[in-house]
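Chain by chain, the residues run as shown.
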Amino acid sequence: MMEKIRELIVAHAGLPQGAEAIADDTDLYRAGMKSFASVQLMLALEETFEIEFPEEMLNRATFRSAGAIARAVEALSPGSMAA
Amino acid sequence: MKPLGEVAGASLAERVQAAVETAAHHAEAVDREGRFPLEAIEALREARLLGFAVPPELGGEGAGLAEIAPICTALGAACASTAMVFAMHHICLANLLDCGMESAWHRELMNRAATDQLLFASSTTEAGVGGDLRQSICAVEADGERFNLAKAAPVISYGEETDAIFATARRDPEAPSSDQVLCVLLRDQYELERVSTWDALGMRGTCSHGFRFKAAAPTEQILPKPFADIAAESMIAASHILWSSVWCGVAADAMARAQAFVIAEARKSPGTPPASATKLAEAYARFRTIEAAIADGLTRWAAMRAAPERAATVSFSLAMNALKVSVSTTALQVVEDALMICGLQGYKNSGPYGLGRHLRDIHSARLMISNDRIMAGAGQMMLIQRPAAARRA
Ligand SMILES: Cc1cc2nc3c(=O)[nH]c(=O)nc-3n(C[C@H](O)[C@H](O)[C@H](O)COP(=O)(O)OP(=O)(O)OC[C@H]3O[C@@H](n4cnc5c(N)ncnc54)[C@H](O)[C@@H]3O)c2cc1C
C-alpha cells in the first residue's frame with residue numbers, strides 16, 4: 001500500500017522533488033503541496049483504494065504525510081491490509 | 001465580583017457607545033480627508049477595547065469573536081474605516097491566541113497588547129501573488145537567532161499608525177511558495193517606505209498605503225505553527241466573521257436611514273402608506289439574511305474551536321467562505337436598496353439620508369480578497385466535500 005500511496009503522491013501532489021525525497025514522515029505541505037494538489041491527491045486515493053473519506057477526516061492533518069495517509073486509508077478499508 | 005465587560009465602573013455597552021459616538025462624529029472628515037480615524041481609535045483605547053480578546057491571565061478580558069463581532073457592527077454603522085481597523089486588529093489577536101499561548105514572547109506581547117492597548121496590523125498581500133493568502137514570494141532569512149525579511153506590500157492598512165505588523169513569508173529562502181510562516185514585527189524593528197498612497201473609492205480611513213517593508217528581529221517572534229494551519233484554523237474564519245460584521249454595520253446604518261426616510265414620508269401623507277415601505281420591507285428581508293449568516297458563522301466557529309482536534313474541516317472552510325461571499329454581496333444590495341428608497345436624498349453627500357459613503361465603503365467588500373478568487377478555491381473544496389446524499393454506497 002505504501003508504494004501505491006507514494007506513486008499517487010508523485011503523480012498528484014505537485015512536489016518539486018522526486019519520490020526518493022519523500023519519506024513516510026515528510027511533511028507534504030512543507031514540501032510544496034498546495035490545496036489544489038491536495039484535492040487531486042485525495043480524489044486519486046479514493047479512486048485507487050475504493051474508499052470515501054468521511055467529513056471528519058477531511059482536514060489538513062489527514063494528508064500531511066505518506067504515513068498519515070496510509071493510516072487514514074487503513075482505517076477506512078479494514079479488509080484491505082494486503083492491498 | 002464585577003460583571004463581564006465592566007471597566008472603571010463603565011459597562012461594556014457604555015464603553016462601546018463612547019467609541020461609537022466618537023467614530024460617528026469624525027466619520028465624514030475621515031472619509032473626506034482620507035485620514036486615519038485617530039480619535040475613534042484613541043476612544044477604543046480609552047475604553048480598553050483593544051485588549052478585549054486578550055486572556056484575563058494576560059491582562060485582558062478573554063472576549064471571543066461572539067463578543068467582538070457586535071462591536072464591529074456597531075462601529076461599522078458609525079464609521080466603516082474605524083470598524084475595519086478594529087476588526088483587522090482583532091484578527092491579528094485571534095492568530096496570537098491560536099498558537100502564541102505556548103510561546104513566552106507572544107504571551108508577553110499579548111500582555112502588552114492589553115496593558116498598553118497596542119494596535120496590530122497585517123501584511124499578507126504581496127506584489128506578484130495579489131490576494132492569494134496562501135502564497136508568499138518573500139522569505140524569512142534567518143542567521144542564528146535573528147532573521148531579516150523584505151516584502152513588497154501593495155497594501156498594509158494603517159501601516160504607519162500600527163504598533164506591530166503580522167507578515168506572512170516563506171519559511172526560508174528554499175521553501176516552496178506555500179510553506180509559509182507568520183512573523184510578528186514590532187514598530188522599532190522595521191522600516192516602511194511608502195510606495196503608493198491609498199486614495200481609494202471608500203474605506204478611505206484605513207490608510208491602506210503600499211510599502212516596501214524591511215524588518216529584522218529575533219526568530220522567536222515567528223509564530224510557532226505553520227501559517228497554512230493558522231489560516232485554516234483561525235485567520236480566515238476570524239477575518240470572514242469580523243469583516244462581515246463590519247459590512248453588516250454599514251448595511252444596518254443604510255437601513256436605518258432608509259427607514260427614517262420612509263417614516264418621514266408616511267408622516268407627510270397620513271392615510272396613504274408610502275410606496276417605498278414595501279421596498280423597505282424587501283431590503284429588511286435581505287438584511288436579516290446577513291445577521292443570520294453571521295450568527296451561523298459564530299456558531300460554527302465556536303464548535304470548531306471547542307472540538308478536541310480543533311481541526312478545520314472542508315465543510316467548515318466552505319461555510320466560512322460562503323459567509324464572506326454572501327455577506328459582501330448582500331450588504332452591497334442592501335445599501336443599493338436603501339439608495340433607491342431615499343432617492344436623491346440618498347444620493348446627496350450631505351443630509352440625514354446621504355448614502356454616498358456607505359455605498360463607496362461597501363464596494364470594497366467583494367474585492368477584499370476577491371470573491372472570484374474565494375469561489376475558485378471553494379470550487380476545489382466542493383469536489384471533496386460531499387453531503388450525505390451524494391455519498392457512494
Ligand atoms: C479596505 C481594504 C483593506 C485592506 N487591507 C489589507 C491589509 O491590511 N493587509 C493586506 O495584506 N492586504 C489588505 N488588503 C488587500 C486584500 O487583502 C486583497 O489582497 C486585495 O483586496 C486583493 O487585491 P487585487 O484584487 O488587486 O488582487 P488579486 O487577488 O490578485 O485579484 C485580481 C483580480 O483577479 C481576479 N482573480 C484572482 N484570482 C482569481 C481566481 N482564482 N479566479 C477568478 N478570478 C480571480 C479577481 O477577481 C480580481 O479582479 C485590503 C483590501 C481592502 C479593500
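Below is a short write-up of the structure. (Residues numbered from 1 in each chain as written. Chains lettered and ligands numbered in written order. Predicted model: local features only at pLDDT ≥ 70, side-chain atom pairs only at ≥ 80, totals over all residues. Heavy atoms only, no water.)

Describing the overall build of chain B
Then, in step 1: Regarding its fold elements, chain B presents 11 helices and seven strands.
Then, in step 2: In terms of overall dimensions, chain B is globule-like: its C-alpha atoms have a radius of gyration of 21 Å, near the 21 Å expected for 393 residues.
Then, in step 3: Its C-alpha atoms give chain B principal-axis dimensions of roughly 80 × 60 × 50 Å.
Then, in step 4: Buried positions account for 55% of the 393 residues belonging to chain B. (Helix = DSSP H or I, 4+ residues; strand = E, 2+ residues; numbered from the N terminus. Rg over C-alpha atoms; globule rule 2.2 N^0.38 Å. Buried < 20%, exposed > 50% of the residue type's maximum accessible area, 1.4 Å probe, protein only.)

Considering helix α4 (residues 80–99) of chain B
Then, in step 1: Helix length check: α4(B), at 20 residues, gives a terminal C-alpha distance of 29 Å against a target of 28 Å (1.5 Å per residue), a fit within 8%.
Then, in step 2: Within α4(B), 19 of the 20 residues are buried, which leaves the element mostly enclosed by the surrounding structure. (Expected span 1.5 Å × (residues − 1).)

With respect to the sheet that holds strand β3 (residues 146–156) of chain B
Strand pairing in a sheet relies on backbone hydrogen bonds. The paired strands run either parallel or antiparallel.
Residue and element names in this part refer to chain B.
Then, in step 1: Spatial ordering of the open sheet is given by β2-β3-β7-β6, a layout of four strands whose pairing is antiparallel. Here the strands that pair on one side only, and so sit at the sheet edges, are β2 (141–143) and β6 (190–196). Taken over all neighbouring pairs, the strand axes of this sheet differ in orientation by 15° on average, direction set aside.
Then, in step 2: In this structure, β2 lies alongside β3, joined through three bridges in antiparallel fashion. Bridging from a neighbouring strand, Ala142 pairs with Phe147 of β3. (Pairing = 2+ DSSP bridges. Axes fitted to C-alpha atoms, helices over the stretch in contact; angles between N-to-C directions.)

Read these as spatial facts, not as claims about activity.
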